[in-house]
Amino acid sequence: MAGPLVSTGWLAEHLADPDLVILDGSWHMPADGRDAKVEYAAGHIPGAVFFDIDQVADHSTDLPHMLPPPADFATAARRLGVEPGSTVIVYDTVGVFSAPRVWWEFRAMGHEAVFVLDGGLKKWTAGGHPVETGWREARHGAFKSHPAPALVADKAQVAAVLRAGSAQVVDARAAARFRGEAPEPRPGLRAGHMPGAVNVPWSAVVAPDGAFAPPERLKTAFEAAGVDLARPIITTCGSGVSASILALGLAVLGRQDVAVYDGSWSEWGAAADTPVATGP
């Protein structure tokens, strides 16, 4: 496969491949009032198992769904049936929204054979492909984590690159939140953005039908925001979910080395020692 995306047609043809692991990585903002687990049980791609973004997380922090320690991630991946040689396909019910977060987590743990289903469950069902109901438990695999720390950024690293101008920080939140004109959905966070960051809302890289935008539109979206695609990039957002959408889009454009700021605005906006800017 070329690139980080697979089509619904490809998946339909390879559904029975023995080394394939399909993960439903659906997750919704609390204000959406949707339960991803209930929706999974009501209908999912045949053979898919549910990846719980909030449970496969670092529970030693109160920050939402932070990347867990490598050993904990490996345990969770094994329970999902992932082997060292598995080809992992991740999808979500929105189209392309939370699946990139799972894609990034596997890559951050050293597993490169991971791909996102373009258009997700929405495009799968629109194409007349089957779904199954109920809850599926996988046979345990033997996955092992091999962390790739260059793909994960923390608060200190983001602050350092902003001071030095050594990397570009690209924020995936909606423009009104980036400018500080709209309140944050999580309580206790200041409004605005990191001084020096630029804004590419995640909706700018996803088509209205939930599928990923074509490469030419991706390139235009980043370049219009002033992003130099040849320089180092760190993506950020509210809690590390939509930042992963931008990282996926950059991977489509050939940038496989983009880091995600895991704590994102949930950490930066709550901290007492971080600067905040408002406006464009």
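Cut-off values and rules
- All chains use their own residue numbering, which begins from 1 and follows the written sequence.
- Selection of residues for local features in this predicted model requires a pLDDT of at least 70, selection of side-chain atom pairs for listing and counting requires 80 or more, and totals for whole chains, interfaces and linings are taken over all residues.
- Only hydrogens and water are set aside; all other atoms, that is, all heavy atoms of the structure, feed into the side-chain values.
- The way it works is that DSSP assigns letters per residue, a run of H or I at least four long becomes a helix, a run of E at least two long becomes a strand, and they are numbered from the N terminus.
- Relative accessibility thresholds used throughout: buried, under 20% of the residue-type maximum; exposed, over 50%; partly exposed, between the two (1.4 Å probe, protein chains only).
- Here, two residues are considered to be in contact whenever any of their heavy atoms come within 4.5 Å of each other.
- His is not counted, nor are the chain ends, whereas Lys and Arg count as positive and Asp and Glu as negative.
- To locate a charge, the coordinates of NZ of Lys, CZ of Arg, CG of Asp or CD of Glu are taken.
- If DSSP finds at least two bridges between two strands, the strands pair.
- For this quantity, the arc is that covered by the directions from the helix axis to the C-beta atoms.
- Pairing of N or O atoms within 3.5 Å defines a polar contact, subject to two protein rules: one partner must be a possible hydrogen donor and the other a possible acceptor, and residues neighboring in sequence count only if both atoms are side-chain atoms.

Asks: Account for the overall build of the protein chain, naming residues and giving values.
Replies: Looking only at helices and strands, the protein chain features 10 helices and 10 strands. Taken along its principal axes, the extent of the C-alpha atoms in the protein chain is 50 × 40 × 35 Å. In the protein chain, buried positions account for 52% of the 280 residues. Here the contacts in the protein chain between residues at least 6 apart in sequence split such that 77% fall between residues at least 24 apart. Both charge centroids of the protein chain, one from 22 positive and one from 31 negative side chains, sit 3 Å from each other.

Asks: So what about the sheet that holds strand β9 (residues 233-236)? Which residues, and what values?
Replies: Spatially, the five strands line up as an open sheet ordered β6-β10-β9-β7-β8, and their pairing is parallel. Each edge of the open sheet carries a strand with a single partner, namely β6 (152-153) and β8 (198-199). Bridge count between strand β7 (residues 168-171) and β9: four bridges; the pairing is parallel. For Val 169, the partnering residue across the bridge sits in β9 and is Ile 234.

Asks: Explain helix α6 (residues 155-164) residue by residue, including any values.
Replies: Those residues of α6 not exposed but buried are Val 158, Ala 159, Val 161 and Leu 162. Buried positions in α6, seen along its axis, are confined to an arc of 170° and lie on one side of it. Away from its buried face by more than 90 degrees, α6 exposes Ala 156, Arg 163 and Ala 164. Where α6 is buried, its residues meet β6, β7, β9, β10 (259-261) and α10 (264-268). The N-cap of α6, judged by a side-chain oxygen 3.3 Å from the amide nitrogen of Ala 156 a few residues on, is Asp 154. A positive backbone phi angle near 70° is found at Gly 165, which sits one or two residues after α6.

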